[in-house]
Amino acid sequence: MVDPLAEVVTLLQPAARFAKHVVGAGPWRIRRSDAGQPFYCVILEGGCRLALDGHEPAELQAGDFVLIPAAFGVAMSSLQPPAGTADSVPVEVGQGLFRVGAQQGPTDLRILAGHCSFGSPDAALLVSLLPQLVHVRGEQRLATLVQLVSEETRGQRPAREVVLARLLEVLLIEALRSTAGTAASPGLVRGLADTRLAAAIRAMHEEPARAWTVAELAKEAALSRSTFFERFSRTVGLAPMEYLLAWRMALAKDLLGRNEAGLTEIAGRVGYSSGSTFSVAFTRHVGQSPTQYARGQAAG
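Residues numbered from 1 in each chain as written. Predicted model: local features only at pLDDT ≥ 70, side-chain atom pairs only at ≥ 80, totals over all residues. Heavy atoms only, no water.

### A short note on the overall build of the chain
What counts is decided by this rule: Under the DSSP-based scheme used, a helix requires at least four consecutive residues in state H or I and a strand at least two consecutive residues in state E, with every element numbered from the N terminus. The globule rule used for comparison is 2.2 Å times the number of residues to the exponent 0.38, while the radius of gyration itself is calculated over C-alpha atoms. Accessible area is worked out with a 1.4 Å probe on protein chains only. A residue is then buried under 20% of its type maximum, exposed over 50%, and partly exposed in between. The contact definition used throughout considers only heavy atoms, calling two residues in contact when any of these lie within 4.5 Å. Using a 1.4 Å probe, accessible areas were evaluated by the Shrake-Rupley method; residue-level cover was limited to the displayed protein chains. By the counting rule applied here, Lys and Arg register as positive and Asp and Glu as negative, while His and the ends of each chain are not counted. By convention, the charge on Lys lies at NZ, on Arg at CZ, on Asp at CG and on Glu at CD.
Counting its regular elements, the chain contains 12 helices and 9 strands. Since a compact globule built from 300 residues should have a radius of gyration of about 19 Å, the 21 Å found for the chain is in line with a globular shape. The dimensions of the chain, computed from C-alpha atoms along their principal axes, are 70 × 45 × 35 Å. Residues counted as buried form 48% of the 300 residues belonging to the chain. At a minimum sequence separation of 6, the contacts of the chain that also span at least 24 residues come to 73%. Put simply, the chain shows about 14300 Å² of open surface, and 52% of that area lies on carbon and sulfur atoms. On the chain, the mean spot of the 29 positive side-chain charges and the mean spot of the 28 negative ones are 2 Å from each other.

Here it is as structure tokens:
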């Protein structure tokens, strides 16, 4: 059976940028803008507060894992934030180890945090299918995976990049599937948590070339057409045919980038009757023709 979540994460092509340990003491506050970069952290000891633009602040405790597939405005602080508005500046006190707040005395917080990047040229579209914020509590498997990523990042062992890529894929999938379905923000994860919608999503991934209609997808979900359309749009954040188009274009970009098939074959594999029809749809969606896109990927 096709696994839509695994397909999306694999196409994202995650790669490690860096991971670091952060310890804290006393009151502190950090604000940062990561320009849409993926951010994750696990709270190893103590607790802190996390505020993400557009979300209510969350109180994190030991054992919590947070994943933000596209971080923009993020603020973290001690449980009792400092007075005033000045931000704290992390101080590097060892290789890969930073301290925030009081620089002397015992610490009351320990975090393992990291950033990764997505190599897919369609990363923005794929990330839009995921929840904006993943917050998982008490999953030791995630803490173990993050620790493995951290150790591999610091080491210089053979096949390091290959191992890191696989670890990050597992980490992302584990984090996303650990999210409570109804608590997740709209996206693919929440859609897959709905057994009716999951049947339709899997059908689209299993047969992306099929000439799907909303009525046929509603039948897969065993729902009326109107109920399916409203439920899918609300839960996934895209209308059914918008999701199908996004997935087809993501597959097309991947195939064009790998240069393993001709235009007519790619068109057929993503649901278009001819190369010219596909070219028009691709150009409208991407802003350049399939040929131009493939040349750009080859040059890059």
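### Let's talk about the pattern of salt bridges
Keep this limit in mind: Here, a salt bridge means any side-chain nitrogen of Lys or Arg that lies within 4 Å of a carboxyl oxygen of Asp or Glu.
Taken as a whole and assessed by the stated rule, the structure comprises 11 salt bridges. Residue Glu152 is joined to Arg157 by a salt bridge in which the shortest nitrogen-to-oxygen separation is 3.0 Å. Its salt-bridge partner being Arg234, residue Glu230 comes within 2.9 Å of it at the nearest N-O pair. Taken together, the residues Glu230 and Arg234, both in helix α8 (residues 225-236) and 4 residues apart, mark about one turn of the helix.

### Observations concerning the packing of aromatic side chains
For any two aromatic rings, the description comes down to two numbers: the centre-to-centre distance and the angle of the planes. To keep things clear, this is the line we draw: Think of it this way: a Phe, Tyr or Trp ring, Trp meaning its six-membered ring, pairs with another when their centres are within 6.5 Å, and the plane angle makes it stacked under 30 degrees, edge-to-face over 60, tilted otherwise.
Considering all chains together, one arrives at 5 aromatic pairs under this definition. Plain terms: the ring middles of Phe228 and Phe232 are 5.5 Å apart, the flat faces sit at 55° to each other, and that makes the pair tilted. Of this pair, Phe228 and Phe232 are both found in helix α8, 4 residues apart, which corresponds to roughly one turn of the helix. There is no split in this pair, since Phe228 and Phe232 are both buried. Between Phe282 and Tyr293, the ring centres sit 5.6 Å apart and the planes meet at 70°, which makes this aromatic pair edge-to-face. Placement of the pair is Phe282 in helix α11 (residues 275-286) and Tyr293 in helix α12 (residues 290-299), with a sequence separation of 11 residues. Among the residues examined, Phe282 registers a relative accessible area of 0% and is labelled buried.

### Description of the environment of Leu97
Relative to the assigned elements, Leu97 resides in strand β7 (residues 97-101). Among the residues examined, Leu97 registers a relative accessible area of 29% and is labelled partly exposed. Taking the C-alpha atoms as reference points, Leu97 and Gln37, separated by 60 residues in sequence, lie 21 Å from one another. Residues within four places of Leu97 in sequence aside, it is in contact with His21, Val23, Val91 and Glu92.

### Brief notes about the nonpolar core
Short version of the rule: Here the nonpolar core consists of buried residues drawn from Ala, Val, Leu, Ile, Met, Phe, Trp, Tyr and Cys, with membership extended through side-chain atoms lying within 4.5 Å.
Residues Tyr40, Phe65, Leu171, Phe228, Tyr243 and Phe278 are the most contacted members of the largest nonpolar core, which totals 70 residues. With 10 residues, helix α9 (residues 240-258) is the largest single contributor of residues to this core. Excluding residues that lie within four positions of it along the chain, Phe65 makes contacts with Tyr40, Cys41, Val42, Val134, His135, Val136, Leu142, Val146, Leu171 and Ala175. Residues Cys41, Cys48, Met76 and Phe98 belong to the second largest nonpolar core, which totals 22 residues.

### Some details on the packing of α9 against α11
Stated formally: Every axis in this analysis is a line fitted to C-alpha atoms, fitted for helices over the stretch in contact. Angles between the N-to-C directions lie between 0 and 180 degrees. Roughly parallel refers to an angle under 35 degrees, roughly antiparallel to one over 145, roughly perpendicular to one between 65 and 115, and oblique to any angle outside these ranges. Here the nonpolar group is Ala, Val, Leu, Ile, Met, Phe, Trp, Tyr, Cys and Pro; Asp, Glu, Lys and Arg are the charged ones; every other residue, Gly included, is treated as polar.
As a packed pair, α9 and α11 sit with axes 11 Å apart at the nearest point and diverge in direction by 100°. Accordingly, the angle class assigned to the pair α9 and α11 is roughly perpendicular. Between α9 and α11, the residues in contact are Leu245, Met249, Ala252, Lys253 and Leu256 and Phe278, Ala281, Phe282, His285 and Val286, respectively. Taken together, the residues of the contact of α9 with α11 sort by class into 8 nonpolar, 1 polar and 1 charged.

### A look at helix α1 (residues 4-12)
To keep it simple, the criterion reads: Taking the helix axis as origin, the arc is that swept by the directions to the C-beta atoms. N or O atoms closer than or at 3.5 Å make up a polar contact, with two conditions inside protein: a donor-capable atom paired with an acceptor-capable one, and, for residues adjacent in sequence, both atoms drawn from side chains.
All of the buried residues in α1 are Pro4, Leu5, Val8, Val9, Leu11 and Leu12. Projection of α1 onto a plane perpendicular to its axis shows the buried side chains occupying an angular sector of 165°, all on one side. Two to three positions downstream of the cap, the backbone nitrogen of Leu5 sits 3.1 Å from a side-chain oxygen, assigning the N-cap of α1 to Asp3. A positive phi of about 55° marks Gln13, the residue just after α1.

### Structural notes on the environment of Glu92
Within the element layout of this structure, Glu92 appears in strand β6 (residues 91-94). Between the C-alpha atom of Glu92 and that of His21, which follows or precedes it by 71 residues, the distance is 9.9 Å. Not counting chain neighbours up to four residues away, the residues in contact with Glu92 comprise Leu97 and Phe98.

### Concerning the side chain of Lys253
For Lys253, the position within the fold is in helix α9. Ignoring sequence-local partners within four residues, the contact set of Lys253 consists of Pro121, Asp122, Phe282, Val286 and Tyr293.

Any functional reading would require information beyond the geometric quantities listed.
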